[in-house]
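# Structural features, examined
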Amino acid sequence: MYFTTYEFIQNELKKRNAPNDVSLLGALFAGGISGMSYWVIGMPPDVLKSRLQSAPEGTYTHGIRSVFKDLMAKEGVTALYYGVTAVMLRAFPANAACFFGIECANKLMDRYERSH
């Protein structure tokens with residue numbers, strides 16, 4: 001989901017602008033949205049993992065399946081997204097910066113390669 005979303009957004013931006021140019025502003029936007037889209041999918045497994053890790057030993061005898069069953073019975077499906085607001089607020093800038101750095105490094109390497 002992470003890289004697929006990034007590439008999709010970049011390709012859409014290229015269609016609207018120069019086809020061979022990836023703008024750094026586009027990288028920021030695409031990176032931020034790709035990070036957020038990842039967490040839409042990645043949040044439930046992360047919540048289950050965190051519950052399993054923080055539970056006293058022996059609480060969940062069948063591992064992640066027991067965590068899921070207990071969570072659904074006691075708290076419902078929305079519990080899979082506890083903390084999503086904080087995660088999303090962090091996801092956009094963190095992933096925007098990550099892809100911005102990657103695109104900057106790619107541009108520098110391209111320049112270096114052309115000069116040698």
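Given the structure is predicted, the values throughout are model-derived calculations rather than measurements.

This part covers a nonpolar patch on the surface. Together, Met1, Tyr38, Val40, Ile41 and Tyr81 make up a nonpolar patch on the protein surface, roughly 470 Å² of accessible area in all. As for its placement among the helices and strands, Tyr81 is situated in the loop between α3 (64-74) and α4 (84-115).

Scanning the entire structure with this criterion turns up zero disulfides. Unpaired in terms of disulfides, Cys98 finds its nearest cysteine sulfur in Cys104, a separation of 12 Å. Accessibility expressed as a relative area gives 38% for Cys98, which makes it partly exposed. Owing to a relative accessible area of 23%, Cys104 belongs among the partly exposed residues under this scheme.

Our focus in this paragraph is the packing of helix α2 (residues 24-54) against α4. In contact at an axis separation of 6 Å, α2 and α4 are set at 140 degrees when each is read in the N-to-C sense. As far as their axial angle goes, α4 and α2 are oblique. Helix-helix and strand crossings are classified by hand; for α2 and α4 the assignment is right-handed. Residue classes in the contact of α2 with α4 are distributed as 19 nonpolar, five polar and three charged.

This paragraph deals with the UniProt feature "transmembrane region" (unreviewed entry) in the protein. Sites flagged by UniProt as "transmembrane region" (unreviewed entry) map to residues 22-41 and 79-102. Between the end C-alpha atoms of residues 79-102 the distance is 34 Å, and the span holds 79% helix and 0% strand.

Two elements in contact, helix α1 (residues 2-16) and α2, have axes separated by 8 Å at closest approach and are oriented at 145 degrees. Regarding α1 and α2, the two cross each other, and that crossing is right-handed. Contact residues: Tyr2, Thr5, Tyr6, Ile9, Gln10 and Leu13 in α1; Gly26, Ala27, Phe29, Ala30, Gly31, Ile33, Ser34, Gly35, Ser37 and Tyr38 in α2. A class-by-class count of the residues in the contact of α1 with α2 yields nine nonpolar, seven polar and no charged.

Calculation notes
- Residues numbered from 1 in each chain as written.
- Predicted model: local features only at pLDDT ≥ 70, side-chain atom pairs only at ≥ 80, totals over all residues.
- Heavy atoms only, no water.
- Patch = residues over 30% accessible without salt bridge, like charges linked within 9 Å, V, L, I, M, F, W, Y side chains within 5 Å.
- Areas by Shrake-Rupley, 256 points an atom, 1.4 Å probe, with all protein chains shown as cover.
- Salt bridge = Lys/Arg side-chain N within 4 Å of Asp/Glu carboxyl O.
- Helix = DSSP H or I, 4+ residues; strand = E, 2+ residues; numbered from the N terminus.
- Disulfide = S-S within 2.5 Å.
- Buried < 20%, exposed > 50% of the residue type's maximum accessible area, 1.4 Å probe, protein only.
- Axes fitted to C-alpha atoms, helices over the stretch in contact; angles between N-to-C directions.
- Parallel < 35°, antiparallel > 145°, perpendicular 65-115°, else oblique.
- Left-handed = near helix turned anticlockwise from the far one by under 90°.
- Nonpolar A, V, L, I, M, F, W, Y, C, P; charged D, E, K, R; others polar.
- UniProt positions renumbered as here; feature names shortened; annotations may be inferred.
- Contact = heavy atoms within 4.5 Å.

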